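# Overview (structure and organization)
What follows is the residue order along each chain.
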Amino acid sequence: GMLEPFSGSFSLYYERVLTDNFSAEIGLGLTINDYLSIAFNDIGNLFSETSSEARLGPSLALGLRYYPSYIPEDFYVAAEFRYKRYLNDRSYNDGFTDLIMTETNSSAIGRITFGYQFKVLDNVFWDFYGGFGIGKVKQSTLDIESVYDPATGEYYNVYSTENYEGLKPKLHIGIKLGIAI
């Protein structure tokens, strides 16, 4: 199992030994909310006049690991690919109607991971890891602009969809509980 709590990603993995020093890994799972991204990029949404509800999204992982020493108890470096899709229903009122917009945030990430597997029992181990990469990101979010009306002397909100597509640097850290079968 996998736990990347800061990115709200939870997956199950299967790792297969290929040679004395190489293994391949595949993982499937779910995303909830990208808490780390919210903390660094969207902190204003926490205090907005909208409410949000995270929905489950898919995640996929593929990796090739190199162990300089013995598999599975030691340091490793891995080339990995991750796909994550976050979904979030944002509720708001445009002044006339209660509305819901489904925000999306998809990332296809190539990354390098450094990790260490610590054996707890003969067939149970902890896998501590972290690393960096580049993600192709595609986002669709609710944009709220506060506009002043000089005729009334009041502010009102204008709601629109903001789309972004581009490359972003990505950091990751996590822990897995492994069971050798």
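Attention here is on the structure that accompanies the text. Every value quoted in this text rests on a predicted model; they were computed, and no experiment measured them. (Residues numbered from 1 in each chain as written. Predicted model: local features only at pLDDT ≥ 70, side-chain atom pairs only at ≥ 80, totals over all residues. Heavy atoms only, no water.)

### Some thoughts on the overall build of the chain
In plain terms, the rule: Secondary structure elements follow DSSP: runs of H or I no shorter than four residues count as helices, runs of E no shorter than two count as strands, and numbering proceeds from the N terminus. Classification of residues uses two cut-offs on accessible area relative to the type maximum, computed with a 1.4 Å probe and protein chains only: under 20% is buried, over 50% is exposed, and between them is partly exposed. In these tables, accessible area is a Shrake-Rupley quantity obtained with a 1.4 Å probe, and a residue counts as shielded only by the protein chains included in the view.
When you go through the chain residue by residue, the secondary structure sums to 1 helix and 9 strands. Ordered by position in the sequence, the α and β elements of the chain form the string β-β-β-α-β-β-β-β-β-β. For the chain, buried positions account for 36% of its 181 residues. Accessible surface, the chain: about 11000 Å² in total, of which carbon and sulfur atoms supply 62%.

### Examining the packing of aromatic side chains
Here is the rule we go by: Here a Phe, Tyr or Trp ring, Trp counted by its six-membered ring, pairs with any other such ring whose centre lies within 6.5 Å, and the pair is stacked when the planes are under 30 degrees apart, edge-to-face when over 60, and tilted otherwise. Two conditions define a charge located above a ring, namely a distance within 6 Å from the ring centre to NZ of Lys or CZ of Arg, and an angle within 35 degrees of the ring normal.
Throughout the structure, instances matching the rule amount to 5 aromatic pairs. With centroids separated by 5.1 Å and ring planes inclined at 50°, the aromatic side chains of Phe22 and Tyr66 adopt a geometry described as tilted. Of this pair, Phe22 sits in strand β3 (residues 22-31) while Tyr66 is found in strand β5 (residues 57-66), placing the two residues 44 residues apart along the sequence. When its relative accessible area of 33% is taken as the criterion, Phe22 is described as partly exposed. Taking 5.1 Å as the distance between ring centres and 55° as the angle between the ring planes, the aromatic pair formed by Tyr148 and Tyr155 counts as tilted. For Tyr148, a relative accessible area of 43% gives the class partly exposed. Using a relative accessible area of 59% as the deciding quantity, one classes Tyr155 as exposed. Here Arg65 stacks its cationic end above the ring of Tyr76, 4.0 Å away from the centre of that ring.

### What about the pattern of salt bridges?
Spelled out, the test is: A side-chain nitrogen of Lys or Arg and a carboxyl oxygen of Asp or Glu constitute a salt bridge if their distance falls within 4 Å.
What the rule picks out here adds up to 9 salt bridges. Across the salt bridge formed by Arg65 and Glu15, the nearest N and O atoms sit 3.4 Å from each other. Residue Arg65 is found in strand β5, and its partner Glu15 is found in strand β2 (residues 9-17); the two are separated by 50 residues along the sequence. Given the relative accessible area of 1%, Arg65 is considered buried. Among the residues examined, Glu15 registers a relative accessible area of 26% and is labelled partly exposed. A salt bridge links Glu103 to Arg90, with the shortest nitrogen-to-oxygen separation between them at 3.2 Å. In this pair, Glu103 is assigned in strand β7 (residues 98-121) and Arg90 in strand β6 (residues 75-93), connecting sequence segments 13 residues apart. Residue Glu103 is classed as buried on the basis of its relative accessible area, which comes to 6%.

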